[in-house]
Amino acid sequence: MPAEPVLEVTDLVVEYDGTTALAGVTLEVRSGEVLALLGPSGSGKSTLLHTVAGFLLPRSGTVRLAGTTVAGDGRPVAPERRDLAVVFQNYALWPHLSALDTVAYPARRRGTGRKQARAEALAILDRLRIAHLADRKPAELSGGEQQRVGLARALARRASVYLFDEPTAHLDTHVRGVFLEELVARQRDSGAAAVYATHDAEEALGLADRVALLREGRLLQVGTPQQIYGEPVDLFAARLTGPASVVDAPDGSAKLLVRPGWARLGGDVDGDLRAVWFRGPHSDYLVDSPLGELLIREPGAPRHPVGARVGWTLERSWPIG
Ligand SMILES: Nc1ncnc2c1ncn2[C@@H]1O[C@H](COP(=O)(O)OP(=O)(O)OP(=O)(O)O)[C@@H](O)[C@H]1O
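Basis of the calculations
Residues numbered from 1 in each chain as written. Predicted model: local features only at pLDDT ≥ 70, side-chain atom pairs only at ≥ 80, totals over all residues. Heavy atoms only, no water. Near = heavy atom within 4 Å. Areas by Shrake-Rupley, 256 points an atom, 1.4 Å probe, with all protein chains shown as cover. Helix = DSSP H or I, 4+ residues; strand = E, 2+ residues; numbered from the N terminus. Nonpolar A, V, L, I, M, F, W, Y, C, P; charged D, E, K, R; others polar. 1 Å grid on protein atoms, 1.4 Å probe; cavity = no way out; pocket = protein on both sides within 12 Å on 5 of 7 lines; lining within 4 Å. Points joined across faces, edges and corners; volume = space filled by probe spheres on them. Axes fitted to C-alpha atoms, helices over the stretch in contact; angles between N-to-C directions. Parallel < 35°, antiparallel > 145°, perpendicular 65-115°, else oblique. Left-handed = near helix turned anticlockwise from the far one by under 90°. Contact = heavy atoms within 4.5 Å. Pairing = 2+ DSSP bridges. Core = buried A, V, L, I, M, F, W, Y, C linked by side-chain atoms within 4.5 Å. Buried < 20%, exposed > 50% of the residue type's maximum accessible area, 1.4 Å probe, protein only. Phe/Tyr/Trp six-rings, centres within 6.5 Å; stacked < 30°, edge-to-face > 60°. Lys NZ or Arg CZ within 6 Å of the ring centre and 35° of its normal. Salt bridge = Lys/Arg side-chain N within 4 Å of Asp/Glu carboxyl O.

*Asks:* Describe the site of the ligand, naming the residues involved and giving the relevant values.
*Replies:* In the vicinity of the ligand, the contacting residues are Y16, A21, P40, S41, G42, S43, G44, K45, S46, T47 and E166. Relative to its unbound accessible area of 640 Å², the ligand is 58% covered by the protein chains. Sorting elements by how many residues they give to the shell around the ligand places helix α1 (residues 45-53) first, with three residues. A class-by-class count of the residues in the shell around the ligand yields three nonpolar, six polar and two charged.

*Asks:* Please provide a residue-by-residue account of the layout of surface pockets, values included.
*Replies:* One water molecule sets the probe size; rolling that probe over the atoms shows where empty space is left. One number sums up the size of the largest pocket: a volume of about 750 Å³. L84, A85, V86, R153 and R157 are the residues nearest the centre of the largest pocket, which is lined by 23 residues in total. Listed by contribution, the elements that provide at least two residues to the lining of the largest pocket are β6 (84-87), α2 (99-109) and α4 (143-156). Counting residues per element, the lining of the largest pocket draws most heavily on β6, which supplies four residues. Counted by class, the lining of the largest pocket contains 14 nonpolar, two polar and seven charged residues. Here the second largest pocket defines a volume of roughly 310 Å³. Around the second largest pocket, the lining comprises 24 residues; the ones closest to its centre are L155, A156, R157, R158 and R186. The set of elements that each furnish at least two residues to the lining of the second largest pocket consists of α2, α3 (114-127), α4 and α5 (173-190). Ranked by residue count, the leading element in the lining of the second largest pocket is α3, at six residues. Grouping the constituent residues of the lining of the second largest pocket by class yields 13 nonpolar, three polar and eight charged.

*Asks:* So what about the packing of α2 against α4? Which residues, and what values?
*Replies:* Between two packed helices, both the angle of their axes relative to each other and the distance between the axes serve to describe the pair. The geometry of α2 relative to α4 is characterised by a closest axis approach of 7 Å and an angle of 25 degrees between their N-to-C directions. With respect to α4, the axis of α2 lies roughly parallel. Read as a crossing pair, α2 and α4 show a hand that is right-handed. When α2 is examined against α4, the residues A99, T102, V103 and P106 are found in contact with a partner set consisting of V149, A152, R153 and A156. The class makeup of the residues in the contact of α2 with α4 is six nonpolar, one polar and one charged.

*Asks:* Describe the sheet that holds strand β1 (residues 5-16), listing the residues and the values that go with them.
*Replies:* Within the open sheet, the four strands sit side by side as β2-β1-β4-β5. Their pairing is antiparallel. Strands at the two margins of the open sheet, each flanked by one partner only, are β2 (19-30) and β5 (68-71). Strand-to-strand twist in this sheet, taken as the mean axis angle between neighbours without regard to direction, amounts to 25 degrees. Bridge count for β1 against strand β4 (residues 60-65) is five bridges, and the pairing is antiparallel. In the strand pairing of β4, V9 is matched with V63. On the sheet, α1 packs against β1, β2 and β4 and is oriented at approximately 115 degrees with respect to β1.

*Asks:* For the nonpolar core, give the residues involved together with the corresponding values.
*Replies:* With 48 residues, the main nonpolar core has V103, L128, F164 and F179 as its most contacted residues. Contacts of F179, omitting those with residues within four sequence positions, involve L128, L151, L155, F164, P167, T168 and Y196. Core analysis: the second largest hydrophobic core is formed by 28 residues, V25, V29, V63 and V70 among them.

*Asks:* Can you lay out the packing of aromatic side chains for me, pointing to particular residues and giving the numbers?
*Replies:* Under the criterion given, the structure shown has four aromatic pairs. Judged by centre distance (6.5 Å) and plane angle (85 degrees), the ring pair of Y229 and W262 falls under edge-to-face. Taken together, the positions of Y229 in helix α7 (residues 225-230) and W262 in the loop between β12 (255-258) and β13 (263-278) put the pair 33 residues apart, joining distant regions of the chain. Judged by its relative accessible area of 27%, Y229 falls in the partly exposed class. Through pairs of rings, three or more aromatic residues link up here, namely Y162, F164 and Y196. Over the face of the ring belonging to W94 we find R153, whose NZ or CZ atom lies 4.9 Å from the ring centre.

*Asks:* How would you sum up the pattern of salt bridges? Please name residues and give values.
*Replies:* A full pass over the atoms with the stated rule returns 14 salt bridges. For R210, the salt bridge goes to E33, with nearest N and O atoms at 2.6 Å. Of the two residues, R210 sits in strand β9 (residues 210-215) while E33 sits in the loop between β2 and β3 (34-38), which places them 177 residues apart along the sequence. A residue is classified by how much of its surface remains accessible, and E33, at 2% relative accessible area, is buried. E315 is the partner of R264 in a salt bridge, and the nearest nitrogen-oxygen pair spans 2.7 Å. Of this pair, R264 sits in strand β13 while E315 sits in the loop between β16 (309-314) and β17 (318-319); the two residues are 51 residues apart in sequence, bridging distant segments of the chain. Residue R264 is classed as partly exposed on the basis of its relative accessible area of 36%. Each of D270, D272 and R309 takes part in salt bridges that share partners, so that together they form one network.

Rendered as structure tokens:
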């Protein structure tokens, strides 16, 4: 991974009318890296992105882009002069421009000729599966289609840092997957960095090189998706990224976090099946045992009925406070 941070946020404090929304956040993002911001509603994800973008000013702390301080020290740099591409929940598309001209606009601004800019724009629209909408203006597009045009316009920008605020919130699963692949591919090609705010744990874990967990305006943990999922700092952090059971260690010395795939049915710890859910590719079993209640996930359809006496085995665990 290249060494230099393209975005550095230091001790950032942001308030709305005296209410603290960010209470001292320090983060850095390097070129080529995708950092996911994951946190519940109200944890400060949008506030952080809006402050980096320059739409909000910090009460204290600094924002640096490619080594230059853009907020918090001296006069802030205006949003339009920051080397950023911003994709927020509400896209403001220009009503008079077709989808093609909207997406061609960033290249035109860079000085690319009209024909070439339109060819590049069409390629991006095609990758997002909306080339057939190229000639339509926003009033002739559905909300989801407008959102895809907004994403395409952001992908057409060549900024050093992309800021995404839940950009896939209104997209269906298929388009979401295509967009995320496209985003990551662009990322790798251009060496740009991305900060991607979401409350969807699967999206964050699947997309990001690193995940930052936010809670009530503070960073709870920053790490690789594997660290965040497998070695959470506390139960709140664990539950942000998926189902987590807590059982007693067999020798009673500690509490252990157990993810659904970390235990299997069959083995010498007794338990009773309290509930069983068929989930399609796998089934979830809720097991009540002397060590505590835990969720076990196994491939395929349910193999035992509710109420059955089963054995189980712990294959992996993580000590939790
Ligand atoms: N314009 C505002 N005026 C006052 N308080 C605000 C404003 N915008 C956000 N807040 C408060 O700041 C805190 C952080 O909000 P923020 O929108 O950054 O959270 P978020 O993690 O992006 O949430 P969501 O996932 O719901 O978008 C919350 O307590 C919120 O109520």
